[in-house]
Amino acid sequence: MSDAQTTVIGASIIITGNIVGEDDDLIIRGRVEGAIQVGGTVTIEEHGIVKADIDASEIVVHGILVGNIESAERVEIGSTGRVVGNIKTERLVIQPGARVRGEIDMSDAKVAHVSIPSHKKVETLDASTTALARAALPRLGSRLPERRPTPVETVVKRTPVNIKDAAKAKATAAAAAVAEPTKKAVGRRRRG
Amino acid sequence: MHHTENDTIIAEHIVIEGEIVGSAGIVVEGRVKGKIAMAGRIDIAESGQVDATIEAPEVHVAGQVTGNIIAVDRIQMESTCRMIGNAKAKRILIADGAYFAGNVEMGSN
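From a predicted model like this one, the values you see are computed outputs, not experimental measurements.

### Topic: the overall build of chain B
For chain B, the helix and strand inventory stands at zero helices and 13 strands. When the helices and strands of chain B are read in sequence order from the N terminus, they spell out β-β-β-β-β-β-β-β-β-β-β-β-β. For chain B, the proportion of its 109 residues judged to be buried stands at 44%.

### A few points about the pairing of strand E6 (residues 49–61) of chain B
All names here are of chain B. Bridge count for strand E4 (residues 31–38) against E6 is seven bridges, and the pairing is parallel. When the bridges of E6 are listed, Arg31 appears paired with Gln49. Direction of pairing for E6 relative to strand E7 (residues 64–66): parallel, over a ladder of two bridges. Residue Gln49 lies in a different strand from E7, and its bridge partner there is Gln64. In the sheet, E6 pairs with strand E8 (residues 69–77) via seven bridges, with the strands oriented parallel. Looking at the pairing, Glu55 lines up with Ile70 of E8.

### A few points about the interface of chain A and chain B
Tallying the contact residues gives 22 residues for chain A and 21 residues for chain B. Among the secondary structure elements, those contributing two or more residues to the side of chain A that touches chain B are strand E1 (6–9) and strand E2 (14–20) of chain A. For the side of chain A that touches chain B, the leading source of residues is E2 of chain A, giving seven residues. Here the residues of the side of chain A that touches chain B are counted per class, giving nine nonpolar, eleven polar and two charged. Sheet topology places E2 of chain A next to strand E2 (residues 15–22) of chain B; seven bridges connect them, and they run antiparallel. Note on E2 of chain B: the bridge partner recorded for Ile14 of chain A is Val21 of chain B.

### Topic: the confidence of the model for chain B
Predicted confidence across chain B gives a mean pLDDT of 92, with 93% of residues reaching 70 or more. On the interface metric, ipTM, the complex scores 0.85, and its pTM is 0.66.

### Focus on the pairing of strand E5 (residues 41–44) of chain A
Residue and element names in this part refer to chain A. Side chains of E5 alternate between two faces, with Thr41 and Thr43 and Val42 and Ile44 buried alike. Where strand E3 (residues 25–28) lies against E5, three bridges are found, and the strand directions are parallel. Paired with Ile28 across the bridge in E5 is Ile44. Pairing of E5 with strand E6 (residues 49–61), which is carried by four bridges, proceeds in the parallel orientation.

Here is what the cut-offs are and how they apply
- Residues numbered from 1 in each chain as written.
- Chains lettered and ligands numbered in written order.
- Predicted model: local features only at pLDDT ≥ 70, side-chain atom pairs only at ≥ 80, totals over all residues.
- Helix = DSSP H or I, 4+ residues; strand = E, 2+ residues; numbered from the N terminus.
- Buried ≥ 20, exposed ≤ 12 C-beta atoms within 10 Å, placed from the backbone.
- Pairing = 2+ DSSP bridges.
- Contact = placed C-beta atoms within 7 Å.
- Nonpolar A, V, L, I, M, F, W, Y, C, P; charged D, E, K, R; others polar.
- pLDDT = per-residue confidence, 0-100.

Set out below in C-alpha cells:
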C-alpha cells in the first residue's frame, strides 16, 4: 500500500480513544489505549505499547499488547512481542522469544476469509479421514455379525430344544429304545 | 511533506475518537474527534477533518477544523482551510480563499 494509506503513530505519541479505518494500515510506535478497528494490517513496532482490543485483517506484534486480538487472516507475534489477551485468527505465527498469555482460538469460524492454502489442507484431511473410515468399516461389519448373534442364537435354541426334548421324553413314557437316539441328538446340538 | 520519520500520520480513511498527546509533530489526513495536544507541529491536510481542541506550538490548517486552536507560536490557515472556532496564537496567517469563523486572539502569551 502507498504511504498515504498508512497511518503512523509516532514514538512519542499517546492516543487515548478509538481508532477506526477501512482498508488502512496502522503502524504504532507510540502508545494507544482504547480500541482499534481497521481493515488492513496493524503493526505494533518494538517500542510500541497498545492497551486495546484490535480487530484487523492482519496483526503483527513486535511490541507490547494488552488486549484481545481478532484477525480475519493472520497474527504474527515477533521475537520481541509481548501479548496478554485472547487471540482469534485463521493463521498464527509466534516467533521464538515471544511471550504470550491468553486463549488462542483458530477454529474455522470465518469461512468467508479462508485462504486457498488452508482450503487445500481441509480437503486432504477430509479425504484421508473418509478413506480410513471406509477401510475400517468392512472389517468391523464382518466381525460384528460373526461374534455377537451366534452365542445369542445358541442360547435361544438350547432352551426350547431342551424343553421339547423333556416334553417328548415325558410323552413317550421313558421307552428305553426311543430315549437313546434323542439323547444323542441333543448332545450333537450342544457341541455344534 | 515536512514531517520526519518520527512523526505521526493519521491517514485519510482513519477515524480517531479520543485524545492524541505527544512531543512530536502530527499530520492529519483523516478524521480526529476529541483533542490533539502536541509539542511539535500539527498539520491538518486538505483531506483532514478535525473536530477537536488543538494545542501545539505551530498549527497548519489546509482541511476542516471545528474547535479551538491554541498555538504558542503560529497558526497558518491555507486557502483550502475551513475553520470554525477560536484561534489563539502569537502570529496568525490566513491565506486568500480560507474560510474562518471565530474569534482571534493574537500577540501576547
